[in-house]
Amino acid sequence: MRSNLFDAANQERQTTDRWALQSSKLLRCSLTPQAPEIVSAAGAMVAYQGQMDFAYQGSGGGMKLLKKMATGEGGNMMRTTGQGEIFYAHQADEIFLIQLEGEALTLNTKNMLAFDGSIQWDIKSLGGAGFMAGGLFNLFLQGQGMVAVTSDGPPMLLDCSRQPTFVDPQAAVCWSANLQPQIKNDFKMSSLVGRGSGESFQLGFHGPGFVVVQPSEGMPVVTSS
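Described below are features of the structure shown in this document. Since the structure is predicted, the reported quantities are computational estimates derived from the model, not experimental observations.

### Considerations on the overall build of the chain
Per the secondary structure count, the chain includes one helix and 15 strands. Of all 225 residues assigned to the chain, the portion counted as buried reaches 42%. Put simply, of all contacts in the chain between residues at least 6 apart along the chain, 76% involve residues at least 24 apart. In the structure as shown, the chain presents an accessible area of about 12500 Å², 54% of it carried by carbon and sulfur atoms.

### Some words on the side chain of Asp116
For Asp116, the location among the structural elements is in strand 7 (residues 112–116). In this structure the side chain of Asp116 is engaged in a polar contact, spanning 2.7 Å, whose partner is the side chain of Arg18. Engagement of the side chain of Asp116 in a polar contact is seen with the backbone nitrogen of Met146, the distance being 2.8 Å. Contacts of Asp116, omitting those with residues within four sequence positions, involve Arg18, Trp19, Glu37, Gly145 and Met146.

### Digging into the sheet that holds strand 13 (residues 182–185)
Taken in spatial order, the three strands make up an open sheet running 11-14-13, and their pairing is antiparallel. At either end of the open sheet lies a strand with only one pairing partner, and these are strand 11 (165–167) and strand 13. Averaged over all pairs of adjacent strands, the angle between their axes in this sheet comes to 40°, without regard to strand direction.

### Some words on the pairing of strand 3 (residues 38–41)
With four bridges joining them, strand 3 and strand 5 (residues 77–88) adopt antiparallel strand pairing. Residue pairing across strands places Ala41 opposite Met77, the latter belonging to strand 5. Note that strand 3 and strand 7 share three bridges and pair antiparallel. Across the sheet, the residue bridging to Val39 is Phe115, located in strand 7.

### Here's the deal with unusual backbone geometry
The phi dihedral of Gln91 is positive, around 50°, even though this residue is not glycine. Residue position: Gln91 is located in the loop between strand 5 and strand 6 (94–107). We classify Gln91 as exposed; its relative accessible area is 53%.

### Thoughts on the packing of aromatic side chains
How two aromatic rings sit relative to each other is set out by the distance from centre to centre and by the angle between their planes. The final tally for this structure, using the stated rule, is two aromatic pairs. Against the face of Phe140 rests Lys124, its NZ or CZ located 5.1 Å from the ring centre. Note that Lys184 overlies the ring of Phe166, its terminal NZ or CZ placed 5.3 Å from the centroid.

### Some points on the nonpolar core
Ranked by size, the top nonpolar core spans 33 residues in total, and within it Trp19, Leu27, Tyr88, Phe115, Leu141 and Val147 carry the most contacts. Among the elements of the structure, strand 2 (26–31), strand 3, strand 5, strand 6, strand 7, strand 8 (120–125), strand 9 (137–151) and strand 12 (172–176) are those that each provide at least two residues to this core. Ranked by residues supplied to this core, first place goes to strand 9 with seven residues. Apart from the residues within four sequence positions on either side, Trp19 is in contact with Leu27, Arg28, Cys29, Ile38, Leu97, Ala114, Phe115, Asp116, Met146 and Ala148. If you look at the next biggest cluster of nonpolar residues, it comprises ten residues, including Cys160, Ala171, Leu179 and Phe205.

Thresholds, definitions, all that
- Residues numbered from 1 in each chain as written.
- Predicted model: local features only at pLDDT ≥ 70, side-chain atom pairs only at ≥ 80, totals over all residues.
- Heavy atoms only, no water.
- Helix = DSSP H or I, 4+ residues; strand = E, 2+ residues; numbered from the N terminus.
- Buried < 20%, exposed > 50% of the residue type's maximum accessible area, 1.4 Å probe, protein only.
- Contact = heavy atoms within 4.5 Å.
- Areas by Shrake-Rupley, 256 points an atom, 1.4 Å probe, with all protein chains shown as cover.
- Polar contact = N/O pair within 3.5 Å; in protein donor to acceptor, adjacent residues only side chain to side chain.
- Pairing = 2+ DSSP bridges.
- Axes fitted to C-alpha atoms, helices over the stretch in contact; angles between N-to-C directions.
- Phe/Tyr/Trp six-rings, centres within 6.5 Å; stacked < 30°, edge-to-face > 60°.
- Lys NZ or Arg CZ within 6 Å of the ring centre and 35° of its normal.
- Core = buried A, V, L, I, M, F, W, Y, C linked by side-chain atoms within 4.5 Å.

Interpretation in functional terms is not warranted from these geometric data alone.
Rendered as structure tokens:
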């Protein structure tokens, strides 16, 4: 049997790294019983080899549980342990790896693919936005370990220290945890009639740090009438 499907570029890449990109759109992670578990977005797993155990990621109780119940954020995360290799992807989005070395990162939950179970996480509210703004609740990650984020297209990194920076909430992938985004409304209520609210609200960033923006507002949210 002959086909360019069997080219070396399409074969599994052999590596000893725990986290490795099989391609720009497919992530390969290696798991052993001694390694920390991996927390991922539910449905992100596309294949695995070996023996894996899957379970819903617990909230940890307390305020984190209440936040999950009230917002739904963090509710669609899976915890994986086992021995072998597991592959993650999301709608052929671009995947980027971020190594946290004690730092913190705020992440749009829609762009979270996976992270090391050793990393501490919490659900944070931007506050004062109302649910029309979108992106009201986000994931706060801090500690030591790897984080995999997705971008719907090639991302852009913006420096927020030089001047105020405003981003569509649906286009914001992640940002420096020290930044406290403010909600900005550029439109009067009358201008919202017959329009979506995607460009009516922005997240305003200003200070030492960065925000990563994807060239898309992501998949449209379908609401029931």
